[in-house]
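# Structural description and commentary
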Amino acid sequence: MYLLALGLVITTLILAFSSRETRIYTGSQEGNVLTVSGTGEVTAEPDEAYMYLRVETLKSSADQAQFTNSRVSSNVIDELKSQGLKDSDIETYRFTIYRKESYNENSRRMEFEGYQVEHVIKATTARVKEVGDIIDAAVQSGADGVERVSFGLSKKKEADVKGEALARAAALSREKALALSASTGVRLGKIRSVSESGSYYAPYDYYPGMRIASAEKFNAADSASIQPQKLELSATVTIVYELN
């Protein structure tokens, strides 16, 4: 009867902690152990922004297209530097050149339009609340559009936030173990192992769409719409206790 009651208590507690793993082993294969897992979540403000700026050129020859694109790209990069970005903050994310053709409804065949060069420049800044102004300046200097803007964490801040999430996860695992111990009457022994898994966060990506082109320019409404959002980092800790 005691074993039945104990089993019901353990089952109830396992259901209560069903969001994360909780296991009790009493067989000889595992030994008498209690395995508990907890996930800690921390919300943080992004401290880095990554801007992906497009420079597109269409010319009748590949050489012309590359020359013009290089000149405009240089203007954009110079403007980014005038906004306070360093050489190490600016890099080529993607560079493509291809023969562009389009379908002619009248002739019912593909016709040559020219050579298309696309240069996507990645610019990184810690001034996350000034991203709109920086993009505005880049578009004014010749950038044809914004592919996307990503808001993330620097390596240092990610490490700090991850440490906080791990501490919360470990504390939650410990709380689960103590609750099970108190409710079932089993005594916790020494810790057999501690493991970490599932440490992760997703940057916030903003896609302004294709409408931001040099002909339309970048206006105040566009700039104001690019605002960073808080990021959530989670980490899971699993602790295995021996049972006395």
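Fair warning: this is a prediction, and the values are worked out from it, not measured in the lab.

Attention shifts here to the pattern of salt bridges. Within this structure, the stated rule accounts for 10 salt bridges. When the shortest N-O distance is used, the salt bridge between Asp 160 and Lys 156 registers 3.2 Å. Here Asp 160 pairs with Lys 156, and both are found in helix H4 (residues 155-184), just 4 residues apart, close to one helical turn. Measuring nitrogen to oxygen at the nearest pair gives 3.4 Å for the salt bridge that ties Lys 162 to Glu 196. In this pair, Lys 162 is assigned in helix H4 and Glu 196 in strand E7 (residues 188-201), connecting sequence segments 34 residues apart. Classification of Lys 162 by relative accessible area gives partly exposed; the value is 29%. The class for Glu 196 is partly exposed, based on a relative accessible area of 43%. Connected through salt bridges with shared partners, the residues Arg 94, Glu 118 and Glu 147 form a single ionic network.

It is worth spelling out the packing of aromatic side chains at this point. On inspection of all chains with the given rule, the structure shows 3 aromatic pairs. For the ring pair Phe 112 and Tyr 115, a centre distance of 5.4 Å and an interplane angle of 65 degrees mean the geometry is edge-to-face. Residue classification places Phe 112 among the partly exposed residues on the basis of a relative accessible area of 37%. Positioned above the aromatic ring of Tyr 52 is the side chain of Arg 148, whose terminal nitrogen or guanidinium carbon lies 4.0 Å from the ring centre.

Attention now moves to the nonpolar core. One finds Met 51, Val 76, Leu 80, Val 131, Ile 135 and Val 149 to be the most contacted residues of the largest nonpolar core, which totals 23 residues. Counting residues per element, the ones that place at least two in this core are strand E3 (48-59), helix H2 (62-82), strand E5 (109-125), helix H3 (131-140) and strand E6 (145-152). Tallying contributions element by element places H3 first for this core, with 5 residues. Excluding anything up to four places from it in sequence, Val 76 contacts Leu 53, Val 55, Ile 121, Ala 138, Ser 141, Gly 142 and Ala 143. By size, the runner-up hydrophobic cluster in this structure holds 10 residues, among which are Leu 34, Val 36, Leu 188 and Leu 243.

Time to look at H4. Side chains three or four residues apart in an α-helix point the same way, a direct result of the helix having 3.6 residues per turn. Under the 1.5 Å per step criterion, the end-to-end length of H4 is 43 Å for 30 residues, consistent within 8% with the ideal 44 Å. Along H4, the residues that are buried comprise Val 161, Ala 165, Ala 169, Ser 173, Lys 176, Ala 177, Leu 180, Ser 181 and Thr 184. Immediately downstream of H4, the backbone of Gly 185 shows phi near 85 degrees, a positive value.

All right, on to the environment of Gln 83 then. Here Gln 83 lies in the loop between H2 and strand E4 (90-104). Look at Gln 83 and you get partly exposed, because its relative accessible area is 24%. As for Gln 83 and Ile 135, which are separated by 52 residues in sequence, their C-alpha atoms are 9.9 Å apart. In this structure Gln 83 touches Arg 127, Ile 134 and Ala 137, once residues within four positions along its chain are discounted.

Right, let's talk about the confidence of the model for the chain for a bit. The pLDDT averaged across the chain works out to 85; a share of 81% of its residues lies at or above 70. Across the chain, H2 holds the top mean pLDDT of 98, while helix H1 (residues 2-16) sits lowest at 39. Here residues 24-29 is a poorly scored stretch, pLDDT under 50, and it has 11 contacts once near neighbours within four places are set aside; other chains count. Here residues 210-215 scores under 50 on pLDDT; set against residues more than four positions off or in separate chains, the count is 14 contacts.

On the secondary structure map, Arg 148 appears in strand E6. The buried charged residue Arg 148 lacks any salt bridge partner; its closest oppositely charged side chain belongs to Glu 147, at an N-O distance of 4.2 Å. If sequence neighbours within four positions are ignored, Arg 148 has contacts with Tyr 50, Met 51, Tyr 52, Tyr 93, Asp 205, Tyr 206, Tyr 207 and Pro 208.

What counts and how
- Residues numbered from 1 in each chain as written.
- Predicted model: local features only at pLDDT ≥ 70, side-chain atom pairs only at ≥ 80, totals over all residues.
- Heavy atoms only, no water.
- Salt bridge = Lys/Arg side-chain N within 4 Å of Asp/Glu carboxyl O.
- Helix = DSSP H or I, 4+ residues; strand = E, 2+ residues; numbered from the N terminus.
- Buried < 20%, exposed > 50% of the residue type's maximum accessible area, 1.4 Å probe, protein only.
- Phe/Tyr/Trp six-rings, centres within 6.5 Å; stacked < 30°, edge-to-face > 60°.
- Lys NZ or Arg CZ within 6 Å of the ring centre and 35° of its normal.
- Core = buried A, V, L, I, M, F, W, Y, C linked by side-chain atoms within 4.5 Å.
- Contact = heavy atoms within 4.5 Å.
- Expected span 1.5 Å × (residues − 1).
- pLDDT = per-residue confidence, 0-100.
- Lys, Arg positive; Asp, Glu negative; His and termini not counted.

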